[in-house]
Amino acid sequence: MSATVWTAALCAGTAAWLAARRTEEHRWTALFGAGAALKPQVWPWQQVLAGARGRMRHEWWCLAAGSAVALPAASVVPLVVGAAGVPVAARVRRAREARKERERRGDAVIALCGELAGEVRAGRQPGEALRLALEEGDAGGVGEARSAVVAAARFGGDVPGALREAARVPGAEGLLGLAACWRVAVDRGAGLAAGLERLEGALRAERDQRADLRAQLAGARSTAVMLAGLPILGLLMGGALGAEPLRVLFHTGPGLVCLAVGGALEAAGAWWALRIVRGAEE
């Protein structure tokens, strides 16, 4: 019984800390931006847990949690469920990393527009300014199409076409605006610097709007995660009252039926709630 109580308490505490930490990060990002110098205070135990998370990919914590529940429950069911959750958690992790990469490319495109506008206003030729900007730093979010854009800028090729090709990379869609500004400036002799400055402002405003929306939805997301963790609190209370919930769930027929039905409903509810939040973000 003691092992049941401690396992449930550990799972509930970890879920609450992760949800609170994610909410706090979103709030600081919305207030001070992604590169803010001010950061929330980090306690020593948080550093230890962060180090453990850094050495182990997030999806393997599902297997660790399943093992932690399987020992006091004396059943292989939690271990099987934890192993089945590994690919799902890996998919979530890859999606999060892809989103961060898209945001990084978007920031690089914004920085590229600002740098080009400054160089052009300083008297540098657009092709030379673009070439220098792409050969230094983060390549303006161009990615693998960098060499084609640099070659077009250096030898007088189709720069807008190369930029449109580079804009196919997720997160670099702002290069379509840069290509349009470039073509208008070449065909009509319009001011490239002014167009780039307006484009930079529009992209920056769009990025800030997404960050603000994500910060506002962080509370709803954390609430959904906390509600999904309520069954753990029920197991904790049942173990404290001496009801032996793990034995009932994993070693009796009605308990296994309740576990299967409840697990399916829990997964469906969490998926639906997070889907609503993702829909609002999009």
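Residues numbered from 1 in each chain as written. Predicted model: local features only at pLDDT ≥ 70, side-chain atom pairs only at ≥ 80, totals over all residues. Heavy atoms only, no water.

1. As for the environment of Gly127
Position of Gly127 among the secondary structure elements: in helix α5 (residues 126-135). Taking C-alpha positions, Gly127 is 8.5 Å from Val159, a pair spaced 32 residues apart along the chain. (Helix = DSSP H or I, 4+ residues; strand = E, 2+ residues; numbered from the N terminus.)

2. Quick notes on the nonpolar core
Counting 32 residues, the largest nonpolar core has Leu112, Leu116, Leu130, Leu175 and Leu178 as its most contacted members. Top element by residues in this core is helix α4 (residues 77-121). It accounts for 7 residues. (Core = buried A, V, L, I, M, F, W, Y, C linked by side-chain atoms within 4.5 Å. Buried < 20%, exposed > 50% of the residue type's maximum accessible area, 1.4 Å probe, protein only.)

3. What about the pattern of salt bridges?
Taken as a whole and assessed by the stated rule, the structure comprises 15 salt bridges. Salt-bridge contacts for Glu119 lead to Arg124; the nearest nitrogen and oxygen are separated by 2.8 Å. A relative accessible area of 31% means that Arg124 is categorised as partly exposed. Connected through salt bridges with shared partners, the residues Arg99, Glu103 and Arg214 form a single ionic network. (Salt bridge = Lys/Arg side-chain N within 4 Å of Asp/Glu carboxyl O.)

4. A look at the environment of Leu203
Take Leu203: it is sitting in helix α9 (residues 192-228). Owing to a relative accessible area of 16%, Leu203 belongs among the buried residues under this scheme. Along the backbone, Leu203 and Glu173 are 30 residues apart, and their C-alpha atoms lie at a distance of 9.9 Å. Leu203 has contacts with Val109, Ile110, Cys113 and Gly174, leaving out every residue within four places of it along the chain. (Contact = heavy atoms within 4.5 Å.)

5. A word on the packing of helix α3 (residues 60-73) against α4
It is the contact of α3 with α4, at a shortest axis distance of 7 Å, that shows an interaxial angle of 170 degrees. One way to sum up the angle between α3 and α4 is to call them roughly antiparallel. Packed against α3, whose contacting residues are Trp60, Cys62, Leu63, Gly66, Ser67, Val69 and Ala70, the element α4 presents Pro78, Leu79, Gly82, Ala83, Gly85, Val86 and Ala89 at the interface. When the residues that make up the contact of α3 with α4 are grouped by side-chain class, the tally is 10 nonpolar, 4 polar and no charged. (Axes fitted to C-alpha atoms, helices over the stretch in contact; angles between N-to-C directions. Parallel < 35°, antiparallel > 145°, perpendicular 65-115°, else oblique. Nonpolar A, V, L, I, M, F, W, Y, C, P; charged D, E, K, R; others polar.)

6. Comments concerning unusual backbone geometry
For Ala74, which is not glycine, the phi torsion reads 55 degrees and is therefore positive. Relative to the assigned elements, Ala74 resides in the loop between α3 and α4. Of note in this structure, Glu244 is not a glycine but carries a positive phi near 50 degrees. Along the polypeptide, Glu244 turns up in the loop between α10 (230-240) and α11 (245-251).

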